[in-house]
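Each chain, letter by letter, is given below.
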Amino acid sequence: MEQPYRLDQGIYIESADVLLPWLCVNATARMHLGLENYRTDKRTLVWETYPILGGIPVALHCKFVRLEHEPETEPRRLRYAQFFPNLEQLGVNAQQAFGLIKQHLSQQLGTPPISSNGGVLYPFAEWEWDKFAVTLKLTGREPNQVCVGELWKKPIPRGVLEYTRMDSPE
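Rules of the game
Residues numbered from 1 in each chain as written. Predicted model: local features only at pLDDT ≥ 70, side-chain atom pairs only at ≥ 80, totals over all residues. Heavy atoms only, no water. Helix = DSSP H or I, 4+ residues; strand = E, 2+ residues; numbered from the N terminus. Buried < 20%, exposed > 50% of the residue type's maximum accessible area, 1.4 Å probe, protein only. Polar contact = N/O pair within 3.5 Å; in protein donor to acceptor, adjacent residues only side chain to side chain. Core = buried A, V, L, I, M, F, W, Y, C linked by side-chain atoms within 4.5 Å. Contact = heavy atoms within 4.5 Å. Pairing = 2+ DSSP bridges. Axes fitted to C-alpha atoms, helices over the stretch in contact; angles between N-to-C directions. Salt bridge = Lys/Arg side-chain N within 4 Å of Asp/Glu carboxyl O. Expected span 1.5 Å × (residues − 1). Arc of directions from axis to C-beta.

Draft legend 1. Up close: the side chain of Arg79. Note that Arg79 resides in strand β6 (residues 77–85). With a relative accessible area of 7%, Arg79 lands in the buried category. Of note is the side chain of Arg79, whose polar atom sits 3.1 Å from the side chain of Glu70.

This is how it looks when you write it as structure tokens:
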């Protein structure tokens, strides 16, 4: 059975009708999407304003990492990606984007089993499947709030969560 948005296979880029397969190397990603707009570090390639997940325009930050047991000679592979909704194109602020995208994803992925609408924690939602996970969160304080999502290929590499904290806009 095909999973929502084909996330069990990779990241589907709707405008290009391209499936960026999980575990591909960065050269394969460039072959599918063209040269990246920029790199935030040696393991992250960024493409601007691609629609994913049913038409959400995002900046897509693809993360290429090795698993802890893989030798240094093994190439880094696509194991997760962050996506930052294009607020200008959506015509909303970060908080509104979070609400709209959470509602949109809930229609396709179901009610998130883990979520918060704020309070002590920042607003977040998490959906988990056998082969992938999707998270959406709102970070920062007004006027510098950021809506960010993450797409994960399972198993999630050990130590990779430190990278997402390090890459966090806060």
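Anyway, onward from the coordinates.
Draft legend 2. Broad picture of the nonpolar core. Core analysis: the largest hydrophobic core is formed by 38 residues, its most contacted members being Ile11, Ile52, Leu53, Leu60 and Leu151. Element by element, the count of residues in this core is highest for helix α3 (residues 94–109), at six residues. Other than its neighbours up to four places away in sequence, Ile11 contacts Val18, Leu19, Leu20, Trp22, Ile52, Leu60, Leu78, Ala81 and Leu151.

Draft legend 3. Here's a closer look at the pairing of strand β8 (residues 124–128). Side chains Ala125 and Trp127 of β8 all project onto a buried face; the interleaved residues Phe124, Glu126 and Glu128 project onto a face where none is buried. Two elements, β8 and strand β9 (residues 132–139), share five bridges in a ladder whose sense is antiparallel. Counterpart to Glu126 in the pairing with β9 is Thr135. What sits between β8 and β9 in their antiparallel hairpin is a turn of three residues.

Draft legend 4. Local environment of the pairing of β6. In terms of burial, β6 is largely enclosed, as eight of its nine residues are buried. Inspection of the sheet shows strand β5 (residues 56–65) paired to β6 by eight bridges, in the antiparallel sense. Paired with His61 across the strands is Gln82, a residue of β6. Bridge analysis of β6 against strand β10 (residues 146–153) gives four bridges, and the strand direction is antiparallel. From the neighbouring strand, Tyr80 faces β10, where its bridge partner is Trp152.

Draft legend 5. Up close: the sheet that holds strand β4 (residues 44–52). Taken together, the eight strands give an open sheet; going across it, the order is β3-β4-β5-β6-β10-β9-β8-β7, and neighbouring strands pair in antiparallel fashion. Two strands close off the open sheet at either side, each with one partner strand: β3 (38–41) and β7 (114–116). Each strand axis lies, on average, 25 degrees off the axis of its neighbour in the sheet, ignoring direction. With three bridges joining them, β3 and β4 adopt antiparallel strand pairing. Among the inter-strand pairings, Asp41 is bridged to a residue of β4, identified as Thr44.

Draft legend 6. Representation of the pattern of salt bridges in the model. What the rule picks out here adds up to seven salt bridges. Glu74 serves as the salt-bridge partner of Arg77, at 3.3 Å between the closest nitrogen and oxygen. Accessibility expressed as a relative area gives 26% for Glu74, which makes it partly exposed. One salt bridge in this structure joins Lys154 and Glu128, with 2.6 Å as the shortest N-O distance. Of the two residues, Lys154 sits in the loop between β10 and α4 (160–167) while Glu128 sits in strand β8, which places them 26 residues apart along the sequence. Among the residues examined, Glu128 registers a relative accessible area of 48% and is labelled partly exposed.

Draft legend 7. Representation of α3. Its 16 residues give α3 an end-to-end C-alpha distance of 21 Å, which sits within 8% of 22 Å, the value for a rise of 1.5 Å per residue. For α3, every residue scored as buried is listed here: Ala94, Ala97, Phe98, Ile101, Lys102, Leu105 and Leu109. Along the axis of α3, the buried positions cluster into a sector of 125 degrees, meaning they face one direction only. Capping the start of α3 is the job of one residue whose side-chain oxygen sits 3.0 Å from the backbone nitrogen of Gln95: Asn93. Of the residues trailing α3, Gly110 is marked for its positive phi of about 95 degrees.

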